[in-house]
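Structural overview
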Amino acid sequence: MSEFAPRRQAVLDFLLARRSHPCVTMCEPGPGDADLKDMLTAAARVPDHGKLAPWRFIIYRGDARQVIGQKLLEIAEAKGTAGSEAQREVELSRFTRAPVVVGVVSKAALHPKIPVWEQELSVGASCMNLVSAAAACGFASQWLSEWVCFDDDAAAYLGAQEGERFAGFVYIGTPTQAPFERPRPNLDDIVSEWKEG
């Protein structure tokens, strides 16, 4: 064991037990500015070939979430995807399911040396660090995409600029119940040792 890489059992135990919480089970309070800054600092501390920082963050909280819901409903209605009353309510409440929502925006773009795929992997790592940091700060979190990530009108309204797209939205709040465990892959099914030929 090297002094430059000591074993951190508590961190490993945390990662082995981390679970997402459904955003509909979250309540106030959400993270304050200090916790949110720590979470976003961790989210920006990921492998990043070329130091491009191919991600950025947009915070949605407070009354803005209701305004967003109304606009998303208008967009969905214009596209004919909010026909039922239940679906209308889903759109109105999409951003109020948690006290704080962080949009993770991918800025991955063609580069002479860094493949777009590597940049996108860095964006995904940023999302995962944000989810883990939220849990480490004592909050529930869930990383979701949903249709608003892939709809140009919704994404533009939510802050994506030309050439950008959302990797997802991380919902953060206080848990109201224990997270449920889900089946995990059997390592024997997904791990192999390389052998020539």
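See the structure shown above.
1. Observations concerning a nonpolar patch on the surface
Residues Leu 187, Ile 190 and Val 191 make up a contiguous nonpolar surface patch of about 310 Å² in total accessible area. The residue Val 191 is located in the segment after α7 (187-190) in this model. Given a relative accessible area of 52%, Val 191 falls into the exposed group.

2. So, the nonpolar core
As a rule of thumb, soluble globular proteins bury nonpolar side chains together. With 22 residues, the main nonpolar core has Tyr 60, Leu 72, Phe 95, Leu 158, Phe 166, Phe 169 and Tyr 171 as its most contacted residues. Put simply, the parts of the chain that give this core at least two residues each are β2 (55-61), α3 (64-78), β3 (100-106), β4 (140-144), α6 (152-157) and β5 (165-175).

3. Describing the pairing of β4
Along β4, four of the five residues are buried, which leaves the element largely enclosed by surrounding structure. Looking at chain direction, β4 and β5 are connected through five bridges and run antiparallel. Counterpart to Ala 140 in the pairing with β5 is Gly 173.

4. Section: the pattern of salt bridges
Within the structure shown, the criterion is met by eleven salt bridges. Arg 94 is the partner of Glu 91 in a salt bridge, and the nearest nitrogen-oxygen pair spans 2.9 Å. The same class applies to Glu 91 as to Arg 94, namely buried. With a shortest N-O distance of 3.0 Å, Glu 146 and Arg 94 are connected by a salt bridge. Taken together, the positions of Glu 146 in the loop between β4 and α6 and Arg 94 in the loop between α4 (85-93) and β3 put the pair 52 residues apart, joining distant regions of the chain. The partly exposed category is assigned to Glu 146, whose relative accessible area is 24%. Through salt bridges with shared partners, a single ionic network connects Glu 91, Arg 94, Arg 97 and Glu 146.

5. Describing the environment of Arg 56
On the secondary structure map, Arg 56 appears in strand β2. Sequence-wise, Arg 56 and Glu 164 are 108 residues apart; in three dimensions their C-alpha atoms are separated by 9.9 Å. Not counting residues up to four positions away in its chain, the partners in contact with Arg 56 are Gly 103, Val 104, Val 105, Lys 107, Gly 159, Ala 160, Gln 161 and Glu 164. Within polar-contact distance, the side chain of Arg 56 engages the side chain of Glu 164 at 2.8 Å.

6. Things to note about the side chain of Ser 126
Summarising the element assignment, Ser 126 is placed in helix α5 (residues 116-136). On the accessibility criterion, Ser 126 (0% relative accessible area) is buried. Apart from residues no more than four positions distant in its own chain, Ser 126 is found in contact with Ala 43, Val 46, Trp 55 and Phe 57.

7. Focus: helix α2 (residues 33-43)
Helical geometry note: an α-helix holds 3.6 residues per turn, so side chains three or four residues apart project in the same direction. When we look at burial in α2, the residues that qualify are Leu 36, Met 39, Leu 40 and Ala 43. Each buried residue of α2 sits inside an arc of 95° when the element is viewed along its axis, so together they form one side. With respect to the buried face of α2, the exposed residues turned more than 90 degrees away are Ala 34 and Lys 37. Along its buried surface, α2 packs onto β2, β3, α5 and β5.

8. Brief notes about the layout of surface pockets
A probe as big as a water molecule, rolled over the atoms, marks out the empty space that is left. Volume-wise, the largest pocket comes out at about 320 Å³. Surrounding the largest pocket, 20 residues form its lining, Ser 106, Phe 150, Arg 165, Phe 166 and Ala 167 being those nearest its centre. Elements supplying a minimum of two residues to the lining of the largest pocket: α5, α6 and β5. The leading source of residues in the lining of the largest pocket is α5, at five residues. For the lining of the largest pocket, the per-class residue count stands at eleven nonpolar, four polar and five charged.

Reading guide: rules and limits
Residues numbered from 1 in each chain as written. Predicted model: local features only at pLDDT ≥ 70, side-chain atom pairs only at ≥ 80, totals over all residues. Heavy atoms only, no water. Patch = residues over 30% accessible without salt bridge, like charges linked within 9 Å, V, L, I, M, F, W, Y side chains within 5 Å. Areas by Shrake-Rupley, 256 points an atom, 1.4 Å probe, with all protein chains shown as cover. Salt bridge = Lys/Arg side-chain N within 4 Å of Asp/Glu carboxyl O. Helix = DSSP H or I, 4+ residues; strand = E, 2+ residues; numbered from the N terminus. Buried < 20%, exposed > 50% of the residue type's maximum accessible area, 1.4 Å probe, protein only. Core = buried A, V, L, I, M, F, W, Y, C linked by side-chain atoms within 4.5 Å. Pairing = 2+ DSSP bridges. Contact = heavy atoms within 4.5 Å. Polar contact = N/O pair within 3.5 Å; in protein donor to acceptor, adjacent residues only side chain to side chain. Arc of directions from axis to C-beta. 1 Å grid on protein atoms, 1.4 Å probe; cavity = no way out; pocket = protein on both sides within 12 Å on 5 of 7 lines; lining within 4 Å. Points joined across faces, edges and corners; volume = space filled by probe spheres on them. Nonpolar A, V, L, I, M, F, W, Y, C, P; charged D, E, K, R; others polar.

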